[in-house]
Amino acid sequence: MEFSDRQFSDHDLQVVLNRALRSVMIAILVGIPIIWVAWGWRSMLMFLIGGAIAATGILEWRQLMAAVLVRLDVPNTPSDTGTKPRPLGAVLFWFFIRLLAAAGVLYVSLRSLDGKVAALLMGIALAVLALLIEAIRLFRGWTA
């Protein structure tokens, strides 16, 4: 099998991250009633919190990737639209603020909800699973 000559562009990465985000949202909607019936409302809420952290993580990585690509003068980035890109320092600042907020939400949910930790971990793992599926799709598409 040969690899394709096609280059992976920033637009391709945007599409992959958007599909991963959509997959996380669908998995959250499917998982909520299942976990509610199996483990109760507290665990369902922990799963929802984990899924929200996973989804916002994908959104933050997408914004960070776009900010870095603008600085690298990569063609077909948001800088080509004529809009002024946000300063990278501000993007990084909000990225780390989101990480601290996620850590705070995790701490509070673990201390106060008394649900199953497995449900929280399953919600967080949705982002990793969605990105793994997208990576496999890309690999299969480029080696076919």
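All of the points below concern the structure found in this document. (Residues numbered from 1 in each chain as written. Predicted model: local features only at pLDDT ≥ 70, side-chain atom pairs only at ≥ 80, totals over all residues. Heavy atoms only, no water.)

## Focus on the packing of aromatic side chains
Thinking step 1. Per the counting criterion, the structure on display carries three aromatic pairs.
Thinking step 2. Here F93 and W94 contribute two aromatic rings whose centre-to-centre distance is 5.2 Å and whose plane-to-plane angle is 75°, an arrangement assigned as edge-to-face.
Thinking step 3. Since its relative accessible area comes to 49%, F93 is described here as partly exposed.
Thinking step 4. A relative accessible area of 48% places W94 in the partly exposed class.
Thinking step 5. Look at F95 and F96: their rings are 5.4 Å apart centre to centre, the planes differ by 80°, and that puts the pair in the edge-to-face class.
Thinking step 6. Taken together, W61, F95 and F96 form an aromatic cluster joined through their ring pairs. (Phe/Tyr/Trp six-rings, centres within 6.5 Å; stacked < 30°, edge-to-face > 60°. Buried < 20%, exposed > 50% of the residue type's maximum accessible area, 1.4 Å probe, protein only.)

## Thoughts on the pattern of salt bridges
Thinking step 1. Within the structure shown, the criterion is met by two salt bridges.
Thinking step 2. For R19, the salt bridge is made with E134, and the minimal N-O distance between the two is 2.8 Å. Of this pair, R19 sits in helix α1 (residues 10–39) while E134 sits in helix α4 (residues 117–143), placing them 115 residues apart in sequence.
Thinking step 3. Here R137 and E134 are joined by a salt bridge, their closest N and O atoms 3.4 Å apart. (Salt bridge = Lys/Arg side-chain N within 4 Å of Asp/Glu carboxyl O. Helix = DSSP H or I, 4+ residues; strand = E, 2+ residues; numbered from the N terminus.)

## Some words on the nonpolar core
Side chains of nonpolar character tend, in soluble globular proteins, to be buried together.
Thinking step 1. V24, I28, I32, I35, F47, I58 and L126 are the most contacted members of the largest nonpolar core, which totals 18 residues.
Thinking step 2. Apart from the residues lying within four places of it in its own chain, the contact partners of I28 are F47, L48, G51, A52 and L126.
Thinking step 3. Grouped together as the second largest cluster of nonpolar side chains are six residues, M46, I49, I53 and L113 included. (Core = buried A, V, L, I, M, F, W, Y, C linked by side-chain atoms within 4.5 Å. Contact = heavy atoms within 4.5 Å.)

## As for the packing of α1 against α4
Working note: a packed helix pair is described by the angle between its axes plus the distance between those axes.
Thinking step 1. At a closest axis distance of 9 Å, the pairing of α1 and α4 adopts a crossing angle of 145°. Helix-helix and strand crossings are classified by hand; for α1 and α4 the assignment is right-handed. Counted together, V16, L17, R19, A20, S23, V24, A27, I28, I35 and W39 of α1 and A118, A119, M122, L126, A127, A130, L131, E134, R137 and L138 of α4 form the full contact between these two elements.
Thinking step 2. Residues belonging to the contact of α1 with α4 are distributed by class as follows: 16 nonpolar, one polar and three charged. (Axes fitted to C-alpha atoms, helices over the stretch in contact; angles between N-to-C directions. Left-handed = near helix turned anticlockwise from the far one by under 90°. Nonpolar A, V, L, I, M, F, W, Y, C, P; charged D, E, K, R; others polar.)

## Quick notes on a nonpolar patch on the surface
Thinking step 1. Together, F93, W94, I97 and L100 make up a nonpolar patch on the protein surface, roughly 440 Å² of accessible area in all.
Thinking step 2. Structurally, L100 is set in helix α3 (residues 88–112).
Thinking step 3. Take L100: its relative accessible area is 61%, and that puts it in the exposed class. (Patch = residues over 30% accessible without salt bridge, like charges linked within 9 Å, V, L, I, M, F, W, Y side chains within 5 Å. Areas by Shrake-Rupley, 256 points an atom, 1.4 Å probe, with all protein chains shown as cover.)

## Points about α3
Thinking step 1. Its 25 residues place the ends of α3 36 Å apart at the C-alpha level, agreeing with the 36 Å of an ideal helix rising 1.5 Å per residue.
Thinking step 2. When α3 is considered as a whole, its buried residues turn out to be V91, F95, R98, A102 and S109.
Thinking step 3. Just beyond α3, the residue with positive phi is D114, at close to 60°. (Expected span 1.5 Å × (residues − 1).)

## Some thoughts on the packing of helix α2 (residues 41–71) against α4
Thinking step 1. Contact pair α2 / α4: the axes reach a minimum separation of 7 Å and the direction vectors enclose 20°. When the axis of α2 is compared with that of α4, the two are roughly parallel. Crossing of α2 over α4 shows right-handed handedness. Across from S43, M46, F47, I49, G50, G51, A54 and I58 in α2, the residues of α4 making contact are V117, A119, L120, M122, G123, I124, L126 and A127.
Thinking step 2. Residues of the contact of α2 with α4, tallied by class, amount to 12 nonpolar, four polar and no charged. (Parallel < 35°, antiparallel > 145°, perpendicular 65-115°, else oblique.)

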